[in-house]
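Single-letter residue listing:
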Amino acid sequence: MKNLIFLLLFSFCQNQELQRCEKYLTCEFCAGSVDIDVSCRWCMETSQCVSSKYLCHPWRTVLHNVNCPARVLPTFNDTFNRFEVAYYIHAANRVSEYIPVGGPMSCLMKLPENIQVLAELNVPTTIEKRTIGVVIGVNHDLHHIFIGFRSTNNAVQFIAQFLAFSMGWMEDFPLGGKMVGIYVQIYKDILNFGFDSALERVVDQFPTYQFLVTGHSLGGAMSTVYSLHVALKYPSKQVRLYAWSGPRSGDETFVKMLQEHVTEQFRVVRDGDFVPDFPLRVSQTLSAAHHNTFEIFYPSHMTTDNYKVCDQAETETCLKGSWWKSIAAHIFMFDMNFFNHIWMGYCQ
């Protein structure tokens, strides 16, 4: 009799918990909600709000509302990404004290449009005592100002980032939310070096041009960070983000701000690339960095028009991809070599 009463009470409590979450009818209201002591999550298999991942396949539950499936997918231009954005990234990777004069322009001369480089900032970084490069230029034919951030180009910078990831180091981000600590410091280093003044001079020259922000690897993380900075500084202008192979950078608050202010944002990821998996998400409940939408997932060969526009920021089918990971998947993209090092010369 006692066992029967216990089972009835347990069943009643479970039903109460289910009812608490079931009142939420959309993923955006459900995911992350807490009703008394019950954490709700969205089940994509049944389109229902549930109180436990065990009521749905764990890979098909959404606990963070920034990872809710997007209702409308944007139009992604593969040709523009591989034949235009790629050369902006090559140009940014040649902003360094070791690169011959004119290195960035040697890459941009391969594009058919009328392009100018107006600023090259080789910024000393505080933590790892290295530098990060920023290129600012204009494309007169496409009427945009492009801002490119250099990827990691030395072992010390690479190790410093992964130490920050492994420590779970998050700091308050000046624009809102929290961010991986090393990226907060690099953000401040770039600002203190005169980024805003350099950009203002370009905007004053070309007041009708919109913005495009891009970068690969470390540059992918910093382009994500600075796309929000630029969008908040120039709210009347469109900001487009093309972040390649970047790690997670900011928390949910940061991602929500990106969703609000940077309407066209793409994360380009190649299958097998290990960098976008960091910092690792060891828990869904602890404060951590998250990816932003929209992910453009390419199979390993990255052939034309062979990609998927993912409707979630974090998915098993997109970001996770194949079980194997390799440095080659991070470096070689679109039949180009994005291995960045201090001995790079002109674009060949």
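Criteria and cut-off values
- Residues numbered from 1 in each chain as written.
- Predicted model: local features only at pLDDT ≥ 70, side-chain atom pairs only at ≥ 80, totals over all residues.
- Heavy atoms only, no water.
- Helix = DSSP H or I, 4+ residues; strand = E, 2+ residues; numbered from the N terminus.
- Rg over C-alpha atoms; globule rule 2.2 N^0.38 Å.
- Contact = heavy atoms within 4.5 Å.
- Disulfide = S-S within 2.5 Å.
- Buried < 20%, exposed > 50% of the residue type's maximum accessible area, 1.4 Å probe, protein only.
- Right-handed = clockwise from strand over helix to strand, strands pointing away.
- Pairing = 2+ DSSP bridges.
- Core = buried A, V, L, I, M, F, W, Y, C linked by side-chain atoms within 4.5 Å.
- UniProt positions renumbered as here; feature names shortened; annotations may be inferred.
- Domains from an automatic or database assignment.
- Polar contact = N/O pair within 3.5 Å; in protein donor to acceptor, adjacent residues only side chain to side chain.

Per an unreviewed UniProt entry, the recorded name for the protein is Lipase_3 domain-containing protein, and the organism is Caenorhabditis tropicalis.

Novice: Is there a simple way to explain the overall build of the protein in this structure?
Specialist: Check the secondary structure of the protein and you find eleven helices and 17 strands. Taken against the 2.2 N^0.38 rule, which gives 20 Å for 348 residues, the C-alpha radius of gyration of the protein at 22 Å falls within 12% of a compact globule. Oriented by its inertia axes, the alpha-carbon framework of the protein measures out at about 85 × 40 × 40 Å. Sequence separation of at least 24 residues holds for 70% of the intrachain contacts in the protein that already meet a minimum separation of 6.

Novice: Would you mind showing me how to read the state of the cysteines here?
Specialist: Think of a disulfide as a covalent bridge from one cysteine sulfur atom to another cysteine sulfur atom. Going through the model one piece at a time under the given rule, you end up with five disulfides. Between the sulfur atoms of Cys43 and its disulfide partner Cys56 the distance amounts to 2.2 Å. Here the disulfide of Cys43 and Cys56 is right-handed, its torsion about the S-S bond being about 75°. Of this pair, Cys43 sits in strand E3 (residues 41-43) while Cys56 sits in the loop between strand E4 (48-50) and strand E5 (61-62), placing them 13 residues apart in sequence. Among the residues examined, Cys43 registers a relative accessible area of 1% and is labelled buried. Paired by a disulfide, Cys107 and Cys347 hold their sulfur atoms 1.9 Å apart. Here Cys107 and Cys347 share a disulfide; its torsion about the S-S bond, 85°, makes the bridge right-handed. Within this pair, whereas Cys107 is found in helix H4 (residues 103-108), its partner Cys347 is found in the segment after strand E17 (336-337), the two being separated by 240 residues in sequence. Neither Cys107 nor Cys347 differs from the other in exposure class; each is buried.

Novice: What is the right way to look at the pairing of strand E13 (residues 264-270) in this model?
Specialist: Successive side chains on a regular strand alternate, one facing one side of the sheet and the next facing the other. Most of E13 sits inside the fold, with seven of its seven residues counted as buried. Of the two faces of E13, both are covered, the one formed by Glu264, Phe266, Val268 and Arg270 as well as the one formed by Gln265, Arg267 and Val269. Taking the sense of rotation as the criterion, the β-α-β connection linking strand E12 (residues 239-244), helix H9 (residues 252-261) and E13 turns out right-handed. Bridge analysis of E13 against strand E14 (residues 295-298) gives four bridges, and the strand direction is parallel. Bridging across to E14, Arg267 finds its partner in Glu295.

Novice: Please explain the sheet that holds E5 as it appears in this structure.
Specialist: Adjacent strands of a sheet form backbone hydrogen bonds with each other and so pair up, either parallel or antiparallel. A sheet is described by the order of its strands in space; here three strands give the open sequence E4-E3-E5, paired in antiparallel fashion. Two strands in the sheet have a free side with no partner beyond their single neighbour: E4 and E5. Here E3 pairs with E4 via three bridges, running antiparallel. Residue Arg41 lies in a different strand from E4, and its bridge partner there is Val50.

Novice: Looking at this structure, I do not really get the nonpolar core. What am I missing?
Specialist: The nonpolar side chains of soluble globular proteins are, as a tendency, buried together. Counting 49 residues, the largest nonpolar core has Ile136, Ile147, Tyr183, Ile190, Phe195, Leu199 and Met222 as its most contacted members. When residues in this core are grouped by element, the largest group, eight residues, is from helix H8 (residues 218-233). Contact partners of Phe195, with chain neighbours within four places excluded, come to Leu121, Val134, Ile136, Ile147, Phe149, Ile190, Tyr226, His229 and Val230. Core analysis: the second largest hydrophobic core is formed by 28 residues, Ala86, Cys107, Tyr242 and Phe294 among them.

Novice: For this particular structure, what's the right way to read the UniProt feature "domain: Fungal lipase-type" (unreviewed entry) in the protein?
Specialist: Within this structure's numbering, the places UniProt gives as "domain: Fungal lipase-type" (unreviewed entry) are residues 146-281. Taken end to end, residues 146-281 is 46% helix and 22% strand, and its first and last C-alpha atoms sit 32 Å apart.

Novice: Would you mind going over the domain arrangement of the protein with me for this structure?
Specialist: The accessible area lost on association of the parts is a frequent measure of interface size. Here the protein is described as being made up of domain 1 (1-63) and domain 2 (78-337). With centres defined by C-alpha atoms, the gap from domain 1 to domain 2 works out at 38 Å.

Novice: Any chance you could explain the environment of Ser217 here in plain terms?
Specialist: Position of Ser217 among the secondary structure elements: in the loop between strand E11 (210-216) and H8. Using a relative accessible area of 9% as the deciding quantity, one classes Ser217 as buried. A C-alpha to C-alpha distance of 14 Å links Ser217 and Gly272, two positions 55 residues apart in sequence. Setting aside anything within four residues of it in sequence, one finds Ser217 in contact with Ser151, Thr152, Trp244, Ser245, Gly246, Pro247 and His330. For Ser217, the side chain forms a polar contact with the side chain of His330, separated by 2.9 Å.

Novice: Can you walk me through the sheet that holds strand E7 (residues 131-139) in this structure?
Specialist: Ordered in space as E6-E7-E8-E11-E12-E13-E14-E15, the eight strands form an open sheet in which the pairing is mixed. One side of each edge strand has no neighbouring strand; the edge strands of this open sheet are strand E6 (115-124) and strand E15 (308-309).

Novice: What am I meant to see in the environment of Ala160 here?
Specialist: Checked against the element boundaries, Ala160 lands in helix H5 (residues 155-167). For Ala160, a relative accessible area of 16% translates into the label buried. Taking the C-alpha atoms as reference points, Ala160 and Leu73, 87 residues apart in sequence, are found 35 Å from one another. When neighbours within four sequence positions are excluded, Ala160 is seen to be in contact with Glu128 and Ile182.

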